[in-house]
Amino acid sequence: MNNQHRLVIICTAVSMLAACREASSKKKKEEKHHGSQYTFSTVVQEPLSSSIQLPAVLDAYQKVSIYPRANGFVKNVLVDRGSVVRKGQMLLELDAPEVIQQYYAAQAKWLQAKADYAASKDNYERTVAVSATPGTISPHDLEVSNAKMLADSAIMNSQLANFRALEATRSYLQVTAPFDGVITERNVHPGALVGPTTNIDGRPMLMLEQEDRLRLIVQVPEIYSAQLGDAQKVSFRVNALPGKEFTGTISRQAGSLNDRFRSEAVEVDVFNPGHTLKPGMYAEITIPVSGSRQAMVVPATAIVTSTEKKYVIAVRSGITHWVDVQEGNHHNDSTEVFGSLQAGDKVIAPATDDIKENVSIE
């Protein structure tokens, strides 16, 4: 009974092993047969020129907050919000009687010192002329005359410096425009006391902005920042003016990336002679990008995105290989990728994560 029982067990095991081998062989045949249903694409090495659309904001080319540089009362305000002004034009006038009096007093002292110096200089020159005759002027008197002239010269220069300082302070009472622009904010009226130490709720007296030329500021992601060129033409649209397209030129790049957003600030100069565009408007900018010469181009459907990575399925010697990649530019149905790929490699497109690695495909 024991020998018969053992024989039955051995026969059963042999039958099961044969069935497993047959199933495995059948599965491989099915996989190879299934491989004939895949489509392949050839990897190409070339820069993929494209364009990207990014949000941007318009800002004044120049903008300045005008604060008082001297203490005084507002005497006249010659502009208001929306006033178009020219460089050097008077914007407002302050009244400070004590500054005016100090100015005239300093001027009088300087004129007096100037007269004293002129007299001592004339006296010294006459003394020198007389001393040419031996015995008429002692050397001591000549030195005293020279010292008096030098002292008066020093006093005159000191009074002149004080006069110039008060002259500059007096000029602060007349506030002028530092450049052509538009007054966009006014926070003072005649009679108000203002000064460097007087706080008007932290607000400036006036805000001046240049609006005939604007800056379009855009944050360009790190992957595209190296593909921008100097003086590159770009186009943009403004949400507030639908149906209109504007153009500009890339003029400045920050040269470093923002630590928080990993992007580079890029500025586009926009000429705005008709003041159609306003500082603060939001825009959508289209920037052409040239692509990288080291990039490999594959169909967009060849890229498989999982929760952990992005990869393409390359077929080498009939075996599938998952190749990790990073995406670059996109154009139509093509995408730049960077990874362990070579020009001429075959990749499955379209590809899905159902296609396993190291599977034989014929």
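Check the entry above for the structure.
Residues numbered from 1 in each chain as written. Predicted model: local features only at pLDDT ≥ 70, side-chain atom pairs only at ≥ 80, totals over all residues. Heavy atoms only, no water.

Undergrad: Sorry if this is basic, but what is going on with the overall build of the chain here?
TA: Each helix and strand in the chain was counted, giving four helices and 22 strands. Of the contacts formed within the chain by residues at least 6 apart in sequence, a portion of 76% connects residues at least 24 apart. For the chain, the exposed surface amounts to about 21900 Å²; the carbon and sulfur share of it is 52%. (Helix = DSSP H or I, 4+ residues; strand = E, 2+ residues; numbered from the N terminus. Contact = heavy atoms within 4.5 Å. Areas by Shrake-Rupley, 256 points an atom, 1.4 Å probe, with all protein chains shown as cover.)

Undergrad: Teacher, can you tell me more about the sheet that holds strand 10 (residues 193–194) here?
TA: Consider a sheet: its strands pair through backbone hydrogen bonds, and that pairing is either parallel or antiparallel. Spatial strand order, 8-7-5-10: four strands in an open sheet with antiparallel pairing. The sheet terminates laterally at strand 8 (174–176) and strand 10, the two strands that pair on one side only. Pairing analysis gives four bridges linking strand 5 (residues 72–77) to strand 7 (residues 90–95), with the strands arranged antiparallel. Looking at the pairing, asparagine 76 lines up with glutamate 93 of strand 7. (Pairing = 2+ DSSP bridges.)

Undergrad: I tried to follow unusual backbone geometry on my own but got confused; where do I start?
TA: With an omega of 5°, the peptide bond between alanine 349 and proline 350 qualifies as cis. By the secondary structure assignment, proline 350 is in the segment after strand 22 (346–348). Even without glycine at this site, serine 317 takes up a positive phi of about 55°. If you trace the backbone, serine 317 turns up in the loop between strand 19 (310–316) and strand 20 (319–331). Within the chain, asparagine 358 stands out as a residue other than glycine whose phi angle is a positive 60°. Secondary-structure assignment places asparagine 358 in the segment after strand 22. Taking the relative accessible area as the measure of exposure, asparagine 358 reaches 55% and is therefore exposed. (Buried < 20%, exposed > 50% of the residue type's maximum accessible area, 1.4 Å probe, protein only.)

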